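# Architecture and fold: a report
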Amino acid sequence: GVNILYAAIGRLKWRERPDEDETWRFAPLVLVPVRIEPCTKRYEHRIVWTGDEPEFNQTLVQRLSKDFG
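Residues numbered from 1 in each chain as written. Predicted model: local features only at pLDDT ≥ 70, side-chain atom pairs only at ≥ 80, totals over all residues. Heavy atoms only, no water.

What follows covers the packing of aromatic side chains. For the structure on display, the rule yields zero aromatic pairs. Its guanidinium or amino end placed over the ring of W24, K13 lies 4.4 Å from that ring's centre, counting from NZ or CZ. Against the face of W24 rests R15, its NZ or CZ located 4.6 Å from the ring centre. (Phe/Tyr/Trp six-rings, centres within 6.5 Å; stacked < 30°, edge-to-face > 60°. Lys NZ or Arg CZ within 6 Å of the ring centre and 35° of its normal.)

Take a look at the structure:
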């Protein structure tokens, strides 16, 4: 199957052109596959780790590779 829900751990913060651009950009560093499941009466739902391996944000990896080799 395909995981479509992830919890993000850490983030990278940057600006495209620090001298010209004041807009900050953010990207998650590590993505942990999770699922939402029903829980007890106390909580309606909870977020649970699927057991699959966490992974680096591949989109960010490609961007850094393109920008910095």
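Scanning all chains against the criterion turns up five salt bridges. Where R46 meets E37, a salt bridge forms, and the shortest distance between an N and an O atom there is 2.9 Å. Here D67 ties to R63 by a salt bridge, and the two come within 2.7 Å at their closest N and O atoms. Taken together, the residues D67 and R63, both in helix 1 (residues 58-68) and four residues apart, mark about one turn of the helix. Look at D67 and you get partly exposed, because its relative accessible area is 39%. Judged by relative accessible area, which is 31%, R63 ranks as partly exposed. Several salt bridges converge on common partners, so that one network encompasses E16, R25, R63 and D67. (Salt bridge = Lys/Arg side-chain N within 4 Å of Asp/Glu carboxyl O. Helix = DSSP H or I, 4+ residues; strand = E, 2+ residues; numbered from the N terminus. Buried < 20%, exposed > 50% of the residue type's maximum accessible area, 1.4 Å probe, protein only.)

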